[in-house]
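These are the residues of each chain, in order.
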There are 2 protein chains.
Amino acid sequence: VELGVGDDCALLTPAAGQRLAVTSDLLVEGRHFLSTVAPHKLGHKALAVNLSDLAACGAEPLGFTLALALPRVDDEFLAGFASGLFALADAHGAELVGGDTTAGPLAICITAFGQVPPGQALLRSGARAGDDLWVSGTLGDARLVLEIFRGSVAMAGSGFDALRLAMEMPQPRVALGLALRGLASSAIDLSDGLAGDLRHILARSGVGATVHLDALPRSAALAAQPAALQQTCLLAGGDDYELLFTAAPAQQAAVRAAAQHSGVQVTLCGQIDAEPGFRVVDNQRQPVEGRWQGFDHFAS
Amino acid sequence: VELGVGDDCALLTPAAGQRLAVTSDLLVEGRHFLSTVAPHKLGHKALAVNLSDLAACGAEPLGFTLALALPRVDDEFLAGFASGLFALADAHGAELVGGDTTAGPLAICITAFGQVPPGQALLRSGARAGDDLWVSGTLGDARLVLEIFRGSVAMAGSGFDALRLAMEMPQPRVALGLALRGLASSAIDLSDGLAGDLRHILARSGVGATVHLDALPRSAALAAQPAALQQTCLLAGGDDYELLFTAAPAQQAAVRAAAQHSGVQVTLCGQIDAEPGFRVVDNQRQPVEGRWQGFDHFAS
């Protein structure tokens, strides 16, 4: 970054020959976060969802712009927000390069930049029939927290606190994304639920998939819930911010090594098929019925 | 643009050796636009304010990301918004590279990218004592429209319609910004009023300025208003989206030629002084008293 905050524009100089990866997300109160969230958690999450997109491209974070609408000047909020934001930014070497602040209903727009060598970006379009389907971390905890907030599930005390952290402070899988360059044939980050986001890979790659429901990685808290709720959270949750990716079976050992090197668990959870569409099967390979729609920001 | 809308990130390839200029603005209803604004005008303005920042850097537009919060899916709104947005984008060769849509109170966040050769960006920090102070177009019409909306000024019919267009569809001075590379010693775009934005140049450059009130360019509609209102609109208006810039006196002919080539009027309206601070004088060089504060998004 040659010139940062304080002029009309920031000036960036990507390393010679590198591609610049760009992603932008807008978070609004009541939709992406609750008004009661701690400001430092909000600062963390606002950047995390963007770094997660960079991770899904295999891009190395460089910097970001922040545009913020606030109902009023609130120094305490801003200090907390900044602490969460910069802690994550510093952990990933991402620099704040510019911004805009205005009055309005609380909204946060971050645009993040990263770099990736030519031809090495992880795209949604590279999945091939026969590829393995992998996912990082565990799925569904954020959706489970949402159900608890909605009152449809009861959970008390420290178990809930830990779960809530998964929703409020997701860890972007940046190191894993970098380690998967040259290994993964396609990747996407899970923001709208596995079923919805997998469809993006299938559509862009012109393939289908079979997902092994019982193989999907889940926390002990989610594993203790009724089967129907588990399915909803695993397949149609949102806010997971894990990486869903595909790789040729010959890469299994390399993928596991990349995950270990990145300190992130990965789980083989299905296969890419030539047959279009998306099938969920149990561990007897019998089809599981259900409505696996992604989280729709205009519904519910 | 190597890869645009539809993957986790867009991939950009700046021309070899060019710097990438980045700017981001968040527009919220009731603050930056009225709920009654025509969608195509809103689409235009949301991009225009960002292209204006690129212009103030002397950067050539490349592309932009759009993040949109909408209260509900509204095809008519979106069609109108897109028509205004893309008409302006196409006129300036800027490509939509990525985006995000969510439910929420109407808010628009655009991050725009441009390129500029190393060392040629127009910065706020280059003004020197003795430089001329220039401004493009005319000032104050957008503030006059605001006063008419507020009911403090009466104006009827077609005169108001023309004036309103100045506020709702500002024309970013991209061609002028490019033509001023190597000529202007500093530049800023006027979004918060001349007095407030000039202060940014003065602070970054470590200089002062004298502004000739009577020289400030104004429309016939504004010139017909009482003197006090004219002063407010000219100096403390907002939403002008003209370029305020400085250049050495030896460059006067070159600046006028650049403006003519760009099809934009420019006016010599003051000088940069070694003495800090900011003085407004009349055409007898007598000080004019007044409160010249920039538009504060958290006030009024």
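Note: the structure precedes this text.
Residues numbered from 1 in each chain as written. Chains lettered and ligands numbered in written order. Predicted model: local features only at pLDDT ≥ 70, side-chain atom pairs only at ≥ 80, totals over all residues. Heavy atoms only, no water.

Engineer: Honestly, the overall build of chain A in this entry has me stumped. Any pointers?
Structural biologist: The helix and strand inventory of chain A stands at 9 helices and 11 strands. In chain A, of all internal contacts separated by at least 6 residues, the share reaching a separation of at least 24 is 85%. As displayed, chain A has an accessible area near 11,300 Å², and 52% of this comes from carbon and sulfur atoms. Taken together, the 19 basic and 31 acidic charged side chains of chain A have centroids lying 7 Å from each other. (Helix = DSSP H or I, 4+ residues; strand = E, 2+ residues; numbered from the N terminus. Contact = heavy atoms within 4.5 Å. Areas by Shrake-Rupley, 256 points an atom, 1.4 Å probe, with all protein chains shown as cover. Lys, Arg positive; Asp, Glu negative; His and termini not counted. Charge placed at Lys NZ, Arg CZ, Asp CG, Glu CD.)

Engineer: Just checking my understanding: could you explain the relation of the copies chain B and chain A for this structure?
Structural biologist: What connects the two chain copies is a rotation about an axis and a shift along it. Once chain B has been moved 0.0 Å along the axis and rotated by 180°, it coincides with chain A to within an RMSD of 0.0 Å. What we have between these two chains is a two-fold relation. Same-surface contact between copies: 100% of interface residues of chain B are shared with the interface of chain A. (Least-squares fit on C-alpha atoms with pLDDT ≥ 70 in both.)

Engineer: Whenever I open this one, the interface of chain B and chain A confuses me. Can you help?
Structural biologist: Listed as interface residues are 56 residues of chain B and, on the opposing side, 56 residues of chain A. At the junction of chain B and chain A, the tally comes to 2 salt bridges. Arg124 of chain B is paired through a salt bridge with Asp8 of chain A; the nearest N and O atoms lie 3.1 Å apart. Summed over the shared surface of chain B and chain A, the number is 15 residue pairs in polar contact (both at pLDDT 80 or more). At the level of secondary structure, the elements contributing two or more residues to the side of chain B that touches chain A comprise strand 1 (10–12), strand 2 (19–28), helix 1 (39–56), strand 3 (60–70), strand 4 (95–103), strand 5 (107–116) and strand 7 (184–189) of chain B. (Salt bridge = Lys/Arg side-chain N within 4 Å of Asp/Glu carboxyl O. Polar contact = N/O pair within 3.5 Å; in protein donor to acceptor, adjacent residues only side chain to side chain.)

Engineer: Just to check I follow, could you spell out the sheet that holds strand 5 (residues 107–116) of chain A for this structure?
Structural biologist: Adjacent strands of a sheet form backbone hydrogen bonds with each other and so pair up, either parallel or antiparallel. Within the open sheet, the 5 strands sit side by side as 4(A)-3(A)-5(A)-2(A)-1(B). Their pairing is mixed. Strands with a single pairing partner mark the edges of an open sheet, and in this sheet they are strand 4 (95–103) of chain A together with strand 1 of chain B. Averaged over all pairs of adjacent strands, the angle between their axes in this sheet comes to 20°, without regard to strand direction. In this structure, strand 3 (residues 60–70) of chain A lies alongside strand 5 of chain A, joined through 9 bridges in antiparallel fashion. Counted as the bridge partner of Ala67 of chain A is Cys109 of chain A from strand 5 of chain A. Sitting on the sheet, helix 1 (residues 39–57) of chain A is in contact with strand 2 (19–28), strand 3 and strand 5 of chain A, with an inclination near 35° to strand 5 of chain A. Lying on the sheet, helix 2 (residues 75–91) of chain A is in contact with strand 3, strand 4 and strand 5 of chain A; it crosses strand 3 of chain A at an angle near 165°. (Pairing = 2+ DSSP bridges. Axes fitted to C-alpha atoms, helices over the stretch in contact; angles between N-to-C directions.)

Engineer: Just checking my understanding: could you explain the state of the cysteines for this structure?
Structural biologist: Formally, a disulfide is one covalent bond, and it connects the sulfur atom of one cysteine to the sulfur atom of another. For the structure on display, the rule yields 1 disulfide over all chains. Cys9 of chain A forms no disulfide, and the closest cysteine sulfur to it belongs to Cys57 of chain B, at a distance of 3.4 Å. Note on Cys269 of chain B: no disulfide assigned, nearest cysteine sulfur contributed by Cys233 of chain B at a separation of 16 Å. When its relative accessible area of 0% is taken as the criterion, Cys269 of chain B is described as buried. (Disulfide = S-S within 2.5 Å. Buried < 20%, exposed > 50% of the residue type's maximum accessible area, 1.4 Å probe, protein only.)

Engineer: What am I meant to see in the packing of helix 3 (residues 141–150) of chain B against helix 8 (residues 227–236) of chain B here?
Structural biologist: A pair of packed helices is captured by two measures, namely the crossing angle of their axes and the spacing between those axes. Residues and elements named next belong to chain B. Contact geometry of helix 3 with helix 8 gives a least axis separation of 8 Å together with a crossing angle of 125°. Here helix 3 is positioned oblique relative to helix 8, judged by the angle of their axes. Crossing handedness for the pair helix 3 and helix 8: right-handed. Packed against helix 3, whose contacting residues are Arg143, Leu144 and Glu147, the element helix 8 presents Leu229, Thr232, Cys233 and Ala236 at the interface. Here the residues of the contact of helix 3 with helix 8 are counted per class, giving 4 nonpolar, 1 polar and 2 charged. (Parallel < 35°, antiparallel > 145°, perpendicular 65-115°, else oblique. Left-handed = near helix turned anticlockwise from the far one by under 90°. Nonpolar A, V, L, I, M, F, W, Y, C, P; charged D, E, K, R; others polar.)

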